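Next come the chains, spelled out residue by residue.
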Amino acid sequence: MQHLNSRFSSHLLLIATLAVLSAAAMLLATPGRAAAAQTTCPAFQVLHNDQIGKLRLRAGNYSIRIGNQRRLSCANAADLFRQFLEDYDGNLADGWRVQARRSRFFQRSSGDAFRVTRIRGGGGGGTGGGGGGQHPATGRACAAPFTVQHNDQIGELKLRAGQYRITLLAVGRLSCNRASNIFARFLQDYTGDLPGNWRLDPETATFSKSSHYGFRVKAYR
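Residues numbered from 1 in each chain as written. Predicted model: local features only at pLDDT ≥ 70, side-chain atom pairs only at ≥ 80, totals over all residues. Heavy atoms only, no water.

1. Re the overall build of the chain
Helix and strand content of the chain: four helices and 15 strands. Counting over 221 residues, the chain shows a buried share of 37%. In the chain, once contacts between residues fewer than 6 apart in sequence are set aside, the share between residues at least 24 apart is 63%. In the form shown here, the chain has an accessible surface area of approximately 13600 Å², with 51% of it arising from carbon and sulfur atoms. (Helix = DSSP H or I, 4+ residues; strand = E, 2+ residues; numbered from the N terminus. Buried < 20%, exposed > 50% of the residue type's maximum accessible area, 1.4 Å probe, protein only. Contact = heavy atoms within 4.5 Å. Areas by Shrake-Rupley, 256 points an atom, 1.4 Å probe, with all protein chains shown as cover.)

Rendered as structure tokens:
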């Protein structure tokens, strides 16, 4: 009887071992969700040294890796990265957070996340298509210069006479023509009490209604 129990136990152990090996083979044959979800997007070029909160970014080309392309596309991740580069203090909108040590951005409410990594030797050159971009990006920096006729100021922002470049904070949400008209209006109000919930950051010469809607001005050298 003891011999039969021993054989029965050995048989059960063999079945359990085969089941474990079979499951392991299936995992190797079928890519796991984490592996399948990782997507590397086209390169994104940061044109000058910058920072987002405690995350410091040297000028150069960066790869963007997203967690799940079904939830967050490469194009959306690149546009978010552009917007975050405008928020140098790291206080990002819509619940997004930055993890400086991991060069990672995440949104707890949705589970969306992406990571940026500087490409070694990628200090210059072009950017990839299909969701890549630049900061400041071509098409976001308005082509036509804006002329400030005389030394002026808007609140604490002092503006010397000359030509200025207007850079939109995000693609498609504000046209260059409208930004120029708004800037001209603001120049009429030297106190800096801007209408329509507009805010001014004098340190960066940025005018915004939100992190997704606004523009920055900078004098041509």
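Once you've had a look at it, read on.
2. So, the pairing of strand β4 (residues 60-66)
Among the seven residues that make up β4, six are buried, leaving the element largely enclosed by the rest of the structure. Relative to β4, strand β1 (residues 39-46) is paired through six bridges, and the arrangement is antiparallel. Paired with Gln-45 across the two strands is Asn-61, which belongs to β4. Sheet topology places β4 next to strand β7 (residues 113-118); five bridges connect them, and they run antiparallel. Following the sheet pairing, Ile-66 is matched in β7 by Phe-114. (Pairing = 2+ DSSP bridges.)

3. Some details on the nonpolar core
The biggest cluster of nonpolar side chains holds 22 residues, and the ones touching the most others in it are Ile-64, Phe-81, Phe-105 and Phe-114. The set of elements that each furnish at least two residues to this core consists of β1, β3 (55-57), β4, α3 (74-86) and β7. The leading source of residues in this core is α3, at seven residues. In this view, Ile-64 contacts Thr-39, Thr-40, Cys-41, Phe-44, Ala-77, Ala-78, Phe-81, Phe-114, Arg-115 and Val-116; residues no more than four positions away in its chain are not counted. Grouped together as the second largest cluster of nonpolar side chains are 21 residues, Cys-142, Leu-159, Ile-166 and Leu-174 included. (Core = buried A, V, L, I, M, F, W, Y, C linked by side-chain atoms within 4.5 Å.)

4. Examining the pairing of β7
Of the strand pairs in this sheet, strand β6 (residues 104-107) and β7 are connected by three bridges, and their pairing is antiparallel. Its bridge partner being in β7, Phe-106 is matched across the sheet by Ala-113. In this structure, the hairpin formed by β6 and β7 is closed by a connection of five residues, where Gly-111 is found at a positive phi of approximately 85°.

5. A word on the state of the cysteines
Using the criterion set out here, one finds two disulfides in the structure. A sulfur-sulfur distance of 2.1 Å marks the disulfide that ties Cys-142 to Cys-176. The S-S bond linking Cys-142 to Cys-176 shows a torsion near -95°; that makes this disulfide left-handed. You can see Cys-142 sitting in the loop between β8 (133-135) and β9 (146-148) and its partner Cys-176 sitting in helix α4 (residues 176-186), a full 34 residues away along the chain. For Cys-142, a relative accessible area of 6% puts it in the buried group. For Cys-176, a relative accessible area of 27% corresponds to the partly exposed category. Counting only the cysteines that take part in disulfides, in the order they occur along the chain, gives the pairing 1-2, 3-4. (Disulfide = S-S within 2.5 Å.)

6. Structural notes on unusual backbone geometry
For Asn-197, which is not glycine, the phi dihedral falls at a positive 65°. One can find Asn-197 in the loop between α4 and β13 (199-201).

7. Quick notes on α3
In a regular helix each residue adds 1.5 Å, so 13 residues correspond to 18 Å; α3 covers 19 Å between its end C-alpha atoms and thus fits that length. With 11 of its 13 residues buried, α3 lies for the most part within the structure. Where α3 is concerned, the buried positions are Cys-74, Ala-77, Ala-78, Asp-79, Leu-80, Phe-81, Arg-82, Gln-83, Phe-84, Leu-85 and Glu-86. (Expected span 1.5 Å × (residues − 1).)

8. A look at the environment of Gln-149
In this structure, Gln-149 sits in the loop between β9 and β10 (152-154). The exposure class assigned to Gln-149 is exposed, which follows from its relative accessible area of 67%. Taking the C-alpha atoms as reference points, Gln-149 and Leu-159, separated by 10 residues in sequence, lie 10.0 Å from one another.

9. Observations regarding the side chain of Thr-39
In this fold, Thr-39 is placed in strand β1. Classification of Thr-39 by relative accessible area gives buried; the value is 16%. Apart from the residues within four sequence positions on either side, Thr-39 is in contact with Ile-64, Arg-65, Ile-66, Gln-69 and Cys-74.

Fair warning: the whole summary comes from geometry, so function is off the table for now.
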